[in-house]
Amino acid sequence: MLTVWGRADSSATARVMWTLAETGLAHRRRDWGGAFGGGDDPAFRELSPHGRIPAITRDDGFNLWESNTIIRWLATIRPEAGLWPADEAARWQAEAWMDWSAAPGRAMGPLRTAYRRLAPDPAEISRTIATATETFAVLDARLTDRAFVMGDQFTVADLALGVVAHRWFRIPEALERPDLAALKAWHQRLCARPAYQEHVVAKVSARAQTLGMGD
Ligand SMILES: N[C@@H](CCC(=O)N[C@@H](CS)C(=O)NCC(=O)O)C(=O)O
């Protein structure tokens, strides 16, 4: 049995929970981090050296941290889920998109900070939306002629990028931003997946005031 250590409304935990649901691997989750605390427990630091969530453990003592690495491992131990492209070149491109997934995460941070201010500054909001748009436009361009990041197949690359993309679509209507049509169509395809609904969309809605998911 696998155990995920992390609160459900954390974006990094949500990626892992979504992946687990896509693989069908048996698992349980323990609330950890945020208001639940535990990040500084010495035993948890053995699992996650920076004290951050998520971490994953298996009953035989195997453990891992860093959500994208956990996604890679889950896709590897469950090959029948088909989350890795079979082709070697495509497999390494998927890795590159996974690593790049940190960029939209970094771009959304300043926008959320600007939006959460007691008296938001419209100029700061426009500036931060422009930066986030530049980043998401890269993904939009990639998706112009593909159903998923790696083509027709849903892969680890979609799992690494789907949560932060949902944040983009949580930006309130009132804040103007360009319509990234291919990104939107891909997001709608993700929304059609029950596992995405359960572990990403529902969890984000619970924290709507944070403009997306809590970190
Ligand atoms: N790069 C790490 C990021 C981990 C991270 O920053 N986790 C956040 C939640 S998304 C955290 O632990 N925040 C402190 C807390 O929840 O106690 C990963 O993807 O696993």
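Look up a bit, the structure's there.
An account of the accompanying structure is given in this report. (Residues numbered from 1 in each chain as written. Predicted model: local features only at pLDDT ≥ 70, side-chain atom pairs only at ≥ 80, totals over all residues.)

Some points on the overall build of the protein
- Helix and strand counts for the protein stand at nine helices and four strands.
- Taking 2.2 N^0.38 as the reference for a compact globule, 215 residues should give roughly 17 Å; the C-alpha atoms of the protein span a radius of gyration of 17 Å, in line with that estimate.
- If you line up the protein on its principal axes, its C-alpha atoms span 55 × 40 × 25 Å.
- Contacts in the protein between residues at least 24 apart in sequence constitute 68% of all its contacts with a sequence separation of at least 6. (Helix = DSSP H or I, 4+ residues; strand = E, 2+ residues; numbered from the N terminus. Rg over C-alpha atoms; globule rule 2.2 N^0.38 Å. Contact = placed C-beta atoms within 7 Å.)

Notes on the site of the ligand
- Residues in contact with the ligand amount to 13 residues; listed here are only the nearest, S10, A12, G33, R52 and S67.
- Residue assignment for the shell around the ligand shows that the elements contributing at least two residues are α1 (11-23) and α3 (67-77).
- Across the shell around the ligand, the residue classes break down as three nonpolar, seven polar and three charged. (Near = placed C-beta within 6 Å. Nonpolar A, V, L, I, M, F, W, Y, C, P; charged D, E, K, R; others polar.)

Focus on the nonpolar core
- If you look at the biggest cluster of nonpolar residues, it comprises 49 residues, and the most contacted ones within it are I71, V156 and A157.
- Take this core: its biggest share by element is nine residues, from helix α7 (residues 156-169).
- Leave out the neighbours within four places in its chain, and V156 touches I71, R72, A75, L83, W84, A94 and M98. (Core = buried A, V, L, I, M, F, W, Y, C linked by C-beta atoms within 7 Å. Buried ≥ 20, exposed ≤ 12 C-beta atoms within 10 Å, placed from the backbone.)

Let's talk about the packing of helix α5 (residues 102-116) against helix α6 (residues 122-143)
- For the pair α5 and α6, the least separation of the axes is 9 Å and the interaxial angle reads 165 degrees. Judged by the angle between their axes, α5 and α6 are roughly antiparallel. Every pair of crossing elements has a handedness; the one defined by α5 and α6 is left-handed. Along its contact with α5, which presents A103, P104, A107, M108, P110, L111, A114 and Y115, the element α6 presents E124, I125, T128, I129, T131, A132, T135 and F136.
- Taken together, the residues of the contact of α5 with α6 break down into twelve nonpolar, three polar and one charged. (Axes fitted to C-alpha atoms, helices over the stretch in contact; angles between N-to-C directions. Parallel < 35°, antiparallel > 145°, perpendicular 65-115°, else oblique. Left-handed = near helix turned anticlockwise from the far one by under 90°.)

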